[in-house]
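Now for the letters of each chain:
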Amino acid sequence: MSKNLPPEGGEVEGPSPDRLPVCTQQAAAAAAAAAAEGGWPARSADRRGEDRSRVMEKLKGPAAGCTTATCGWRALLLPQLNRQSLYVYGSEMAVEQECRRQLQSGVFVIHPFSLMRSYYIMCMMAITFLNLIGIPMEIAFLDGNSGLAWEGFNVFSDTLFLIDVALNFRMGIIAEDSEVSNANLEVVRLFFRILSLFMMIFLLCHWNGCIQYFVPMLEEFPTDCWVRKENLMNATVSVKYSWGVFRALSQMIALSYGSMDAPTNYVEMWIVMVSMVSGCLMYTVLVANATTMIANTDPAAKEYKSKMSRLEHYMTFMKLPPELQLRITNYYQARYGGKWFQEKDVMDTVSSALKEQILMVMCSRLLRKVPMFQTREENFINAVLFKLEYEVFLEGDAIVRQNVPGDRMFFIDHGQVLMETDSYDRELCDGDFFGETCVLTKSKHLATVKALTDCQCFSLSWDDFQEALDGFPDVKKDLEKMVELDTDGGLV
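Residues numbered from 1 in each chain as written. Predicted model: local features only at pLDDT ≥ 70, side-chain atom pairs only at ≥ 80, totals over all residues. Heavy atoms only, no water.

**Student:** What is the right way to look at the environment of Ala 334 in this model?
**Tutor:** Locating Ala 334 in the fold gives a position in helix 13 (residues 322-336). Classification of Ala 334 as partly exposed rests on a relative accessible area of 23%. In the structure, Ala 334 is positioned 59 residues away from Phe 393 in sequence and 8.4 Å away in space, judged by C-alpha atoms. Leave out the neighbours within four places in its chain, and Ala 334 touches Val 392, Leu 394 and Asp 454. (Helix = DSSP H or I, 4+ residues; strand = E, 2+ residues; numbered from the N terminus. Buried < 20%, exposed > 50% of the residue type's maximum accessible area, 1.4 Å probe, protein only. Contact = heavy atoms within 4.5 Å.)

Here's what the structure looks like:
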């Protein structure tokens, strides 16, 4: 049997229209009319299982509506729909909104999460590293006989560097208040920091080894130089380079291997001294960076790891199934993002004015989308904001179940859910809401809502809502009229 999609709005609950709020009755009537006219495409029950795979496939490509076919070459400048952009913006819809914002601005800017930025940065890193290695070798060992291929590479890289200077003025950045950190990204940053440190050490040894051979070459290889002593005059470039790096590294780490003889002139003496000093600096930088990385470890991340360690011991002691242990671990990652903190502790340490502003920024837009809150005064909205609770649901979680008593409504901050009833299915996403009848009447849920992705929601319970209404008798009276049963099919 086919199921039709309802119109935009909140959750439609209740099998009998005469027990629904006025706004919900109107939405249900519009849904019935549109379904009779074929206004929404039918959706069979056997397609529900495709939702998860369809959502995950979207992570592999650009944001919907921003492909090369629809946006042309500008799609290369727009943010891609991947795990990094989802961490920063929160959801698929937020990434699409960022694409539309950049398109509407009409300004040529390369987004930090764009496909062009990713490949461009990798290309520039490779070109730069090749130049840092190749130029010293060309000067020291090739003696101007580098060949056509290397000359062409020099022209290409110089041209690319000039283009890079201009493009850097059009590179976008992510503001600090938009940055969202997580444990996985911190590990990646640490890996690249260590990698860059070892690349710097390698380049220092490389340059020093080239200088070891370059200086005797400038003196036309005197009889007492190390090149003649090692019989390298007719050796290949690779052999000369290997001996040069070996001598440089032995001097930098203060070992006698490779430098048994004392310097024969003041030039070699200065080379040895520079090598020893650079080796000391290399060791100092290595130790200093290692110390800094250990000292600057995020205390919130440390606390998170400590909590996770205790949680793993608890799950092992209770002999929980591996599947359940994995879901609990995934919940903590989605809930805290690798940083341990408590919202209540944060809110208790700030003033009431700051707390109100924080909640206004986080949740005000969500409340204003609900019909019963749209015309209310600001003071009432602020009172309701203080009652909202932050909740996280994992992909596949059943947030509410059909025919189960409910006492709260939910506002979706980020994520996607599927609302299923006996007559239709419908997907909700960022900014949508469901369960509004429960917060008014404390009735049963007549729709099952499941999370299609990890969802960040705010909930409002019936008890907290009634407590907020106590300070606004006029609003409470209006809402009570909405829930009064009219036997003629009038008010609910």
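Next comes the rest of the account.
**Student:** Can you walk me through helix 6 (residues 115-142) in this structure?
**Tutor:** For an α-helix, 3.6 residues make a turn, and residues three or four places apart therefore share a direction. Compared with the 40 Å implied by 1.5 Å per residue over 28 residues, the 38 Å span of helix 6 between its first and last C-alpha is a close match. Taken as a whole, helix 6 has its buried residues at Tyr 120, Met 124, Ile 127, Asn 131, Gly 134, Pro 136, Glu 138, Ala 140 and Phe 141. (Expected span 1.5 Å × (residues − 1).)

**Student:** Got a minute to help me understand the sheet that holds strand 7 (residues 433-434) in this structure?
**Tutor:** Working definition: the strands of a sheet are paired by backbone hydrogen bonds and lie parallel or antiparallel to each other. Pairing within the open sheet is antiparallel, and its four strands lie in the order 1-10-4-7. Two strands lie at the open edges of the sheet, namely strand 1 (389-393) and strand 7, each paired on one side alone. Pairing between strand 4 (residues 408-414) and strand 10 (residues 455-461): six bridges, direction antiparallel. Across the sheet, residue His 414 finds its bridge partner in strand 10, namely Gln 456. (Pairing = 2+ DSSP bridges.)

**Student:** Can you help me understand the packing of helix 17 (residues 378-385) against helix 19 (residues 462-469) in this one?
**Tutor:** Packed helix pairs are specified by the crossing angle of their axes together with the interaxial distance, meaning the distance between the axes. Helix 19 packs onto helix 17 with a crossing angle of 145 degrees between their chain directions and a minimal axis gap of 9 Å. Crossing of helix 17 over helix 19 shows right-handed handedness. Along the contact surface, helix 17 presents Phe 380, Ala 383 and Val 384, while helix 19 presents Phe 465, Ala 468 and Leu 469. Broken down by class, the residue content of the contact of helix 17 with helix 19 amounts to six nonpolar, no polar and no charged. (Axes fitted to C-alpha atoms, helices over the stretch in contact; angles between N-to-C directions. Left-handed = near helix turned anticlockwise from the far one by under 90°. Nonpolar A, V, L, I, M, F, W, Y, C, P; charged D, E, K, R; others polar.)

**Student:** Would you explain the sheet that holds strand 9 (residues 448-451) in this entry?
**Tutor:** If you trace the four strands from one edge of the open sheet to the other, you get 2-9-5-6, paired in antiparallel fashion. Here the strands that pair on one side only, and so sit at the sheet edges, are strand 2 (398-400) and strand 6 (425-428). In this sheet, neighbouring strand axes are inclined to one another by 30 degrees on average, regardless of whether the strands run parallel or antiparallel. Note that strand 5 (residues 417-420) and strand 6 share four bridges and pair antiparallel. Within the sheet, the bridge partner assigned to Leu 418 lies in strand 6 and is Glu 427.

**Student:** Could you clarify how one ought to interpret a nonpolar patch on the surface in this entry?
**Tutor:** Together, Leu 190, Ile 194, Phe 198, Tyr 283, Leu 286 and Val 287 line one region of the surface with nonpolar side chains, adding up to about 550 Å² of accessible area. When residues of the nonpolar patch are traced back to their parent elements, those giving at least two are helix 8 (183-218) and helix 11 (266-295). With respect to the helices and strands, the residue Phe 198 is situated in helix 8. (Patch = residues over 30% accessible without salt bridge, like charges linked within 9 Å, V, L, I, M, F, W, Y side chains within 5 Å. Areas by Shrake-Rupley, 256 points an atom, 1.4 Å probe, with all protein chains shown as cover. Salt bridge = Lys/Arg side-chain N within 4 Å of Asp/Glu carboxyl O.)

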